[in-house]
Amino acid sequence: MKKKLVALFMVSAMTAGLLSGCGSAQETAKDTEKAEASSEAVEETQAQTDAAEAEFDPRTITEGVTLTIAVEAKSVVIDWDTNLVTQKLEDRFGVDLQFEVYPAGEFADKLNVMINGGDKLPDIIFGGDGNGLKNQETAWVDSGAILELTKYYEDAEYADYPKYANIAMEWEGVDFVSTLKDAEGKIWGVPTYTVTSNSSAGPRLWINENYAKAVGFDELPTTTEGFFELCKAFAAAGDVNGNGLDDEVVFTSNGIAQNWFKFLMSPYAYAWDDYCLDVEDGTLSFAFATEGWKEGLKYIKQFFDEGLIDSTIITQDYSAYTAIVSNPEAVVLADFWFKPQMVNEDIYEQNKTLLEYGYVAALEGPSGRVEGFWLDKTAVPGAMITVDCENPDAAFLVLDYMLSQEMAACNRYGEEGVDWDYWDNVDDSKFTDGTTKDMYRGESGGDPVFVSYTNSTYWYSGNPQNSGYMMAGPFVQFYNSEGRVMAGGKTEADQTAIEWTKRYLSDSINAVRAVRPKETIATLPMTIDEKEAVSEPMTVIGSFYWQAAANFLTGVWDIDEDWDSYLEELEKMGISDVLAVYQTAYDRTK
């Protein structure tokens, strides 16, 4: 039975904690209705959970079971065996969890040696919050080391087992478990599903509104032609900020395959996918081999031809790029990122500078095409059960519970009542930054469900602790806080931080969501043979089309005269064969 999960409301420090940037602990939001979850809903969810427990008691399966767990050492986790999360799991299920901790950086290697040598494996293998287990999955499955878990998610006999995965998926509105399936539709891991502030909504175009107004643009342009005209006007104006220096920069970056190119190309051909794969009516295509790409190159080349940007944007490295845009004295019209890269030593002054930049979610092209970056978030294996596990049912039940609301909070945020609390239990004296409960009320008027007291000192400090796993093992970071910024604040600096956070973490993300593509590619499950078939040619093709783009933009090649030769070269490299493999993989997801 599926149960509705109340959203966690995870908040960090008033200023720096809120503005930690791309991929920070701040989560993106769901719609307003779900964002207004109340403490009554928390109690209702708990009541439903208690009722479900009465129907199915997992301890009849887990009581007295010992489970060994392989995990990579983390300097911020003091002792896995005595960790608070371990204690909670052991108390709930009556199990004995025994950790085998492998040195950081040697985790996969040690397990591969054990697998290849036929050694007895731990019952469970924990992953971190990245793609570590996903990268090993094919080889480990092929070697017969990992237990298939599909039955737990699909067979009626095990309907009660993935209870917490089902609750989380119902709340998220995303069947993230299905994104774990391989080419044969099999599942080999218990999921980790993390959503951060910019994990789905991608880079936006940020334009300094003061500079735009100074050159006659009272409103930010929303079309490709309008943005080009603004850039020309800015470049022609000269000393826009009146400092007597010729230090104005239209925009810059660190290479050809970066956000500036992808943003300017996407009104013509969708360029945000890693391989520039696009989908329309279920049919895949490589955007870099379309007429839209050709027209997009002509548009972008205008910026070079007019002297608005120069070829250094193609060859410049990241440090040189950030040295320009992060200079507090820089006069930069535009930046293509999750937020402008302009910084200042003083957080208040930085926020004031950031508020000078308005956003454009996506430019409209000549054909009326408007598509922002949108990445369908998928799950990765957070844990796997090995074939040497004598009690896989018990192992699965323990791992699934780690996807629950309580365990997600403890895993990531620490101890309830010390590091975080549900809204009704919040104690102002526990905040480490001098804020109060009233400062954390959502702008929609609803109360938050969850508040972190110590996020900046617990997570970001790097200090060893023994309250949580720091996102190791199965984990869900709920998609829950956009549009719920702090409504109160003591000072002008507080209000400035609040205003910027709303623009960055709420308004601009909602704007991107509104123009996301109608069809997207979430996963491409392929067989080992298929992966091998595309690996080498796609490496060659990828290098070629980006180098070709640089050649077209800088005039080494002529876009009209050399376009057919470019397409012919792609065919020689096997583009049609590679596309056919990707299409087959994509069709499996339908």
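Everything that follows concerns the structure shown earlier in this document.
Residues numbered from 1 in each chain as written. Predicted model: local features only at pLDDT ≥ 70, side-chain atom pairs only at ≥ 80, totals over all residues. Heavy atoms only, no water.

(A) Region of the structure containing helix α15 (residues 347-354). Along α15, the residues classified as buried are Y348, Q350, N351 and L354. Viewed end-on, α15 has its buried residues packed into an arc of 160 degrees, placing them on one side of the element. Against the buried residues of α15 lie β11 (357-360) and α19 (492-514). (Buried < 20%, exposed > 50% of the residue type's maximum accessible area, 1.4 Å probe, protein only. Helix = DSSP H or I, 4+ residues; strand = E, 2+ residues; numbered from the N terminus. Arc of directions from axis to C-beta. Contact = heavy atoms within 4.5 Å.)

(B) Representation of the sheet that holds strand β2 (residues 96-102) within the structure. Read from one edge to the other, the open sheet built from 6 strands follows the order β2-β1-β3-β12-β4-β15, with strand pairing classed as mixed. The outermost strands of the open sheet, each flanked by one partner alone, are β2 and β15 (475-477). Taken pair by pair, the neighbouring strands of this sheet meet at an average axis angle of 25 degrees, ignoring direction. (Pairing = 2+ DSSP bridges. Axes fitted to C-alpha atoms, helices over the stretch in contact; angles between N-to-C directions.)

(C) Broad picture of the side chain of S467. Looking at where S467 falls in the secondary structure, it is placed in the loop between α18 (455-458) and β15. Beyond its immediate sequence surroundings of up to four residues, S467 is in contact with N83, L84, V85, C410, G414, E415, D419 and Y458.

(D) Local environment of the packing of aromatic side chains. As enumerated under the stated definition, the model contains 52 aromatic pairs in all. Ring plane angle 70 degrees and centroid distance 5.8 Å describe the contact between W206 and Y359, whose orientation is recorded as edge-to-face. Here the residue W206 occupies a position in strand β5 (residues 204-208), and Y359 occupies one in strand β11, the gap between them amounting to 153 residues. Residue classification places W206 among the buried residues on the basis of a relative accessible area of 0%. Consider the rings of F544 and W557, whose centres lie 6.3 Å apart with planes at 50 degrees: the pair is tilted. Of this pair, F544 sits in helix α20 (residues 528-554) while W557 is found in the loop between α20 and α21 (559-572), placing the two residues 13 residues apart along the sequence. Overall, F544 belongs to the buried group, its relative accessible area being 15%. (Phe/Tyr/Trp six-rings, centres within 6.5 Å; stacked < 30°, edge-to-face > 60°.)

(E) Just the environment of K110, in detail. Take K110: it is sitting in helix α5 (residues 107-117). When neighbours within four sequence positions are excluded, K110 is seen to be in contact with Y102 and P103.

(F) Molecular detail of the packing of helix α4 (residues 84-93) against helix α16 (residues 392-401). Two numbers describe how α4 lies on α16: the axes approach to 11 Å, and their chain directions differ by 125 degrees. Between α4 and α16, the interaxial angle falls into the category oblique. In terms of crossing hand, the pair formed by α4 and α16 is right-handed. Residue-level inspection shows L89, R92 and F93 of α4 in contact with α16, the latter providing L397, V398 and Y401. The residue makeup of the contact of α4 with α16, split by class, is 5 nonpolar, no polar and 1 charged. (Parallel < 35°, antiparallel > 145°, perpendicular 65-115°, else oblique. Left-handed = near helix turned anticlockwise from the far one by under 90°. Nonpolar A, V, L, I, M, F, W, Y, C, P; charged D, E, K, R; others polar.)

(G) Region of the structure containing the environment of N463. Relative to the helices and strands, N463 resides in the loop between α18 and β15. Here N463 falls in the partly exposed class, since its relative accessible area comes to 46%. In sequence terms N463 and V77 are 386 residues apart; their C-alpha atoms lie 8.8 Å from each other. The contacts of N463, once residues within four sequence positions are left out, are V76 and T457.

(H) Molecular detail of the pairing of strand β12 (residues 380-385). When you tally the buried positions in β12, you get 6 out of 6 residues, the bulk of the element. Alignment of strand β4 (residues 190-194) against β12, held across 3 bridges, turns out to be antiparallel. Looking across to β12, one finds that V190 is bridged to A383.

(I) Region of interest: the sheet that holds β5. If you trace the 3 strands from one edge of the open sheet to the other, you get β10-β5-β11, paired in antiparallel fashion. One side of each edge strand has no neighbouring strand; the edge strands of this open sheet are β10 (334-337) and β11. Recorded for the sheet is a direction-independent mean angle of 30 degrees between the axes of neighbouring strands. Summarising the sheet, β5 and β10 pair through 4 bridges and their orientation is antiparallel. Paired with I207 across the bridge in β10 is A334. Docked against the sheet, α19 engages β5 and β11, running at close to 130 degrees with respect to β5.

(J) How the structure looks around unusual backbone geometry. Its identity as a non-glycine residue notwithstanding, C276 has a phi of 55 degrees, on the positive side. Relative to the elements of secondary structure, C276 occurs in the loop between α11 (259-265) and β7 (277-280). Residue C276 is classed as buried on the basis of its relative accessible area of 0%. Positive phi, normally seen in glycine, also occurs at D281, with a value near 55 degrees. The topology assignment puts D281 in the loop between β7 and β8 (283-286).

Functional significance is not addressed by these values, which are geometric in nature.
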